[in-house]
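Spelled out, the chains give:
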Amino acid sequence: MRNQHSLSVLFFIFIYQFTLAQVEPTLYHVNGGIFGSTNYANVCATDLSSGTQICFDTIGVNSVQDILIDGDIMYVAAQDSIIAYSLATQTRIAEVAFNAPSTKSLAISDSYLLVGNWYEPWGHIGPYTNHLRVFNKNDLSYIDSIPTISHPATDIFIHENVAYIAQNNTKSSGWGDTLGFVSVLDLNLMQWIRNDTLSQQGADIGRFYYHDSTLYAFNAESQTISSLHLYTGDKETIPSVTSIYPKSYGPTIFEKNNLGQVYIPCSTGIGLYDVINNNLIDSQVVSLTGAYAFTYDSNLERFAVTMIDYLDQSNNRGVVYDNQGDSIDVFPVGFSPELVAYHYPNNTSIQGITESNISMYPNPASDHCWIDLKTDQNTTIQIYHLNGRLVHSMRTSATNISLPVAKLENGIYWVKVKNIHGTHSIPLYIQR
């Protein structure tokens, strides 16, 4: 079977080289509108290769909080609503509205869409039990609420069907933080397991980043970084070595490599931070001032930034930067463009792919995928989710390598192969 796959791979070598050159992401951004007006939120798609843009939906609210792409489906959290879009057709496929004035964060686990909430409804008296809701990700039908998640859900991270929810007392204690912790939820049983207190400094537990079995939280109000080892339970909170300002809306932390280096907003723009060694590598990879949202394409190593002037929104603009901080493209934006994300189309027509001296098959893959190298050089192989998150890393000197794809969710990933021949990025499609 492997020999047959190899022959198929060689047959498709020229098709793949042409296809790879055509692989170009679409840039999606969501304009939040202007509060209290009829300038509502809308959703736009930009083809950077041609410069064309289409705004294909309007949402009747004036606030947006999060964007999440899962395969060819995009979810947008907009004030009191969640909307699901097919990116293949750029149309709505599901929506739900509920009594939650400020939806905060989104996360996917198997068939679940987890939705974190920030404020309780205006005028609510007593404990609020809907800071975390669970929906069916396909049709957005309501499944459950977890009353034990009793504080605003700043961020959500999923690992091995366990959810980790950032919690703090900012709203629940009358705008005075007293404790920062992570709530741990078993998604198989839909049951709360425990709370892990990470800070007693009056710190908010902020946006998450995961690396090497450790969950890190970047805490903007206290200017600290908390860590929780998911297996040993070891935890620590230390001061950051520079001012960090992770965004409260949309994606905000993007991994550069498997060394624990991340792009994160700092005082003078997008900085590069070494989380493992608590060291600032570069305070302004991209120099920025004022309000902005951004995303990072780990394959092409470039940023898309939407800049926002809340006092005069005619000054809003979108700019694409390379990893040296140089502007290389622009795109139009509307009012309060607070969410932005890259998306690579799900191309299922490639049966096997080859680049230079590398073969990878089958593609799309479901439970098994192999990489063949023509030489036995020391090689590093990394698998990245499109949001920039590293999901697997390995070093090998073998020439035939089995990739651990069985637990990957459906969607598109980038496989980076690094050896003395250079670095090659290959799109991997998971489809079941």
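In what follows, the structure referred to is the one given above.
Model, not experiment: these values are computed from the prediction.

Chemist: Can you explain the side chain of H343? Please cite residues and give values.
Modeler: Tracing the sequence through the fold places H343 in strand 28 (residues 337-343). The buried category is assigned to H343, whose relative accessible area is 4%. Here G71 takes part through its backbone oxygen, which lies 3.1 Å from a polar atom of the side chain of H343. Excluding its chain neighbours within four sequence positions, the residues that come into contact with H343 are P25, T26, Y28, I69, G71, D72 and L87.

Chemist: Lay out the pairing of strand 17 (residues 214-219) in plain terms, naming residues and giving numbers.
Modeler: With respect to burial, strand 17 is a largely interior element, six of its six residues being buried. Residues T214, Y216 and F218 point to one face of strand 17 and L215, A217 and N219 to the other, with burial holding for every one of them. Pairing analysis gives five bridges linking strand 16 (residues 207-211) to strand 17, with the strands arranged antiparallel. Bridged to H211 within strand 17 is T214. The turn joining strand 16 and strand 17, which pair antiparallel and follow one another in sequence, is formed by two residues; a positive phi near 50° is taken by D212. The sheet contact formed by strand 17 and strand 18 (residues 224-229) spans six bridges and is antiparallel.

Chemist: Lay out the nonpolar core with the relevant residues and their values.
Modeler: In terms of nonpolar packing, the biggest core is built from 19 residues, with I59, M74, V76 and Y85 touching the most fellow members. At the level of elements, strand 1 (26-31), strand 2 (41-47), strand 3 (52-59), strand 4 (66-70), strand 5 (73-78), strand 6 (81-86) and strand 28 are the ones that each hand at least two residues to this core. Discounting residues that sit within four places of it in the chain, V76 has contacts with V30, I59, D66, I67, S81, I82, I83, Y85, L106 and L339. Core analysis: the second largest hydrophobic core is formed by 18 residues, I358, M360, L373 and V415 among them.

Chemist: Describe the sheet that holds strand 9 (residues 112-117), naming the residues involved and giving the relevant values.
Modeler: An order of 8-9-10-11 is seen for the four strands of this open sheet, with the pairing classed as antiparallel. Looking along the sheet, the strands with just one partner apiece sit at the ends: strand 8 (103-109) and strand 11 (142-145). Mean inter-strand twist for the sheet, computed between neighbouring axes without regard to direction, equals 25°. Both strand 8 and strand 9 contribute to a ladder of six bridges, which runs antiparallel. When the sheet's bridge partners are listed, A107 is paired in strand 9 with L114.

Chemist: I'd like to hear about the environment of N363, residue by residue, with values.
Modeler: Note that N363 resides in the loop between strand 30 (358-361) and strand 31 (369-373). When its relative accessible area of 0% is taken as the criterion, N363 is described as buried. Along the backbone, N363 and I430 are 67 residues apart, and their C-alpha atoms lie at a distance of 7.6 Å. At 2.9 Å, the side chain of N363 and the backbone oxygen of P427 are in polar contact. Reaching out from N363, the side chain makes a polar contact with the backbone nitrogen of Y429 at a distance of 2.9 Å.

Chemist: So what about the pairing of strand 7 (residues 91-97)? Which residues, and what values?
Modeler: One ladder, built from six bridges, connects strand 6 with strand 7; its direction is antiparallel. From the neighbouring strand, A84 faces strand 7, where its bridge partner is A94.

Chemist: Go over the pattern of salt bridges with me, naming the residues and quoting the values.
Modeler: By the definition in use, this model includes six salt bridges. Of the charged contacts in the structure, one is a salt bridge between D70 and K137, with a shortest N-O distance of 3.0 Å. Pair noted here: D70 is in strand 4 and K137 is in the loop between strand 10 (132-136) and strand 11, with a separation of 67 residues, a long-range link. Both residues of the pair, D70 and K137, count as buried. Salt-bridge contacts for R92 lead to E95; the nearest nitrogen and oxygen are separated by 3.1 Å. Here the salt bridges share partners, and the residues they tie into one network are D57, R92 and E95.

Conventions and cut-offs
All residue numbers refer to position in the chain's written sequence, counted from 1. In keeping with the predicted nature of the model, local features appear solely for residues at pLDDT of at least 70, side-chain atom pairs appear and are counted solely at 80 or more, and the whole-chain, interface and lining totals rest on all residues. Side-chain numbers here rest on the full set of heavy atoms in the structure, without hydrogens or water. In this description a helix means any DSSP run of H or I spanning at least four residues, a strand means any run of E spanning at least two, and both kinds are numbered starting from the N terminus. Burial classes: relative accessible area under 20% of the type maximum marks a residue as buried, over 50% as exposed, and values in between as partly exposed (1.4 Å probe, protein chains only). Here a polar contact means two N or O atoms within 3.5 Å. Within protein one must be a hydrogen donor candidate and the other an acceptor candidate, and residues neighboring in sequence count only if both atoms are side-chain atoms. Residue contacts are defined here by distance: any two heavy atoms, one from each residue, within 4.5 Å place the two residues in contact. Two strands are said to pair when DSSP picks up at least two bridges between them. Throughout this description, the term nonpolar core refers to a set of buried Ala, Val, Leu, Ile, Met, Phe, Trp, Tyr and Cys residues connected via side-chain atoms within 4.5 Å. For helices, the axis comes from a line fit to the C-alpha atoms of the stretch in contact; other axes are also lines fit to C-alpha atoms, and the angle between any two N-to-C directions lies between 0 and 180 degrees. Whenever a carboxyl oxygen of Asp or Glu lies within 4 Å of a side-chain nitrogen of Lys or Arg, that contact is scored as a salt bridge.

Geometric values such as these leave the question of function open.
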